[in-house]
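Observations on chain architecture
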Amino acid sequence: MGRILKVLMKAHGNRGEETQTWHQYLPSSIQDVSLLVVLLDTNPFFWSTASLPFSKFLSHVLAFLNSILLLNQLNQVVLIATGCNSCHFIFDSSSSVAANPNLENGRMPALCSRLLHKLEEFVMGDEKLSKEVSVAGIGSSLLSGSLSMALCYIQRVFRSGPLHPHPRILCLQGSPDGPEQYVAVMNAIFSAQRSMVPIDSCVIGGQHSAFLQQASYITGGVYLKPQQLDGLFQYLSTVFATDLHSRRFLQLPKPAGVDFRASCVFAIKTQLTWATYVPSVCLYFASITRNVQPVGSVFGQAQSDGNSAADRKRKNPET
């Protein structure tokens, strides 16, 4: 090994020049290195009625994560569980390798039992929280929370140094969208767009997700709703396993359309009052309560004509 390094140093000049040349080629050598953050939907209300059992779904996901680690030894995988009331980090390949360097270089078979144990603990804890809150029908999962956790983790990777793997987020979602999370989800989407982090979406539920359609469209990710869930691993490995550098040479599936409609967090009341100033993303007429909850603004009675005239004078003073 020492002789090989000496030959390389002579071929590139002195040691200082060799070091500069080595650093110049480092970015090109990590173009296909990926940091994949997977958001796993563990909503028990959805999986109790889903056509695909959760155990079979999880086996597809574990095989997919293992394939990501096998594609490149520098690839990193992070798994975040998304429940009804909470989110939690389940698996981090980088920390697992550092903590247990002898476990087959951090490959999934050696860490599968530990991952499943942590996932089981999270699901049990989330079910306890769900029992305290009554949910009508299939409740939504906490997508906004898991997206925020993923973006915080990616920002920490960005700040670790100039050389880092290319991050992307993969949402494995089955639960329906929660209108009460619209503002938080859109904030996370715009944050990912600003950070140039694509959000890929794989919807396994019965209906399309307007949130994830907008997320993939805005951030430049891939949106897919598999038709045959029995072949989920084939969909994951052929569409979502490709790194960002290789995607420029592939024809990945594109959605036929994107639902850009905004979701309102309020139920429409039969009795409405006057129009008030609300966030532009909501465009909602205030109800009889005169309380806009997302921004905490309370609207009182309309001002009299005299006050309005005084305000106009203050805004447009006569010279």
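Residues numbered from 1 in each chain as written. Predicted model: local features only at pLDDT ≥ 70, side-chain atom pairs only at ≥ 80, totals over all residues. Heavy atoms only, no water.

1. Topic: the packing of aromatic side chains
Aromatic ring pairs: the centre-centre distance and the angle between the two ring planes describe each pair. Throughout the structure, instances matching the rule amount to six aromatic pairs. Ring centres of Phe89 and Tyr153 lie 6.0 Å apart, and the angle between their planes is 45 degrees; this geometry places the pair in the tilted category. One end of the pair, Phe89, is in strand β3 (residues 87-92); the other, Tyr153, is in helix α7 (residues 143-158), with 64 residues separating them in the sequence. According to the relative accessible area criterion, Phe89 is partly exposed, its value standing at 32%. Here the aromatic rings of Tyr182 and Phe211 are separated by 5.8 Å at their centres, their planes lie at 45 degrees, and the arrangement is tilted. Taken together, the positions of Tyr182 in helix α8 (residues 182-194) and Phe211 in helix α9 (residues 210-219) put the pair 29 residues apart, joining distant regions of the chain. Taking the relative accessible area as the measure of exposure, Tyr182 reaches 5% and is therefore buried. The exposure class assigned to Phe211 is buried, which follows from its relative accessible area of 3%. Clustering of aromatic rings is evident, with ring pairs tying together Phe46, Trp47, Phe54 and Phe57. (Phe/Tyr/Trp six-rings, centres within 6.5 Å; stacked < 30°, edge-to-face > 60°. Helix = DSSP H or I, 4+ residues; strand = E, 2+ residues; numbered from the N terminus. Buried < 20%, exposed > 50% of the residue type's maximum accessible area, 1.4 Å probe, protein only.)

2. Some points on the environment of Leu71
Mapped onto the elements, Leu71 comes out in helix α4 (residues 54-71). Placed 39 residues apart in sequence, Leu71 and Asp32 show a C-alpha to C-alpha distance of 9.5 Å.

3. Some words on α8
The terminal C-alpha atoms of α8 lie 18 Å apart, and with 13 residues this matches the ideal 18 Å at 1.5 Å per residue to within 8%. Residues Tyr182, Val185, Met186, Ala188, Ile189 and Ala192 constitute the buried set of α8. Viewed end-on, α8 has its buried residues packed into an arc of 160 degrees, placing them on one side of the element. Where the residues of α8 are buried, they touch α7, β5 (199-203) and α9. Trailing α8 by a residue or two, Met196 shows a phi angle of about 60 degrees, which is positive. (Expected span 1.5 Å × (residues − 1). Arc of directions from axis to C-beta. Contact = heavy atoms within 4.5 Å.)

Worth remembering: the numbers are spatial, not functional.
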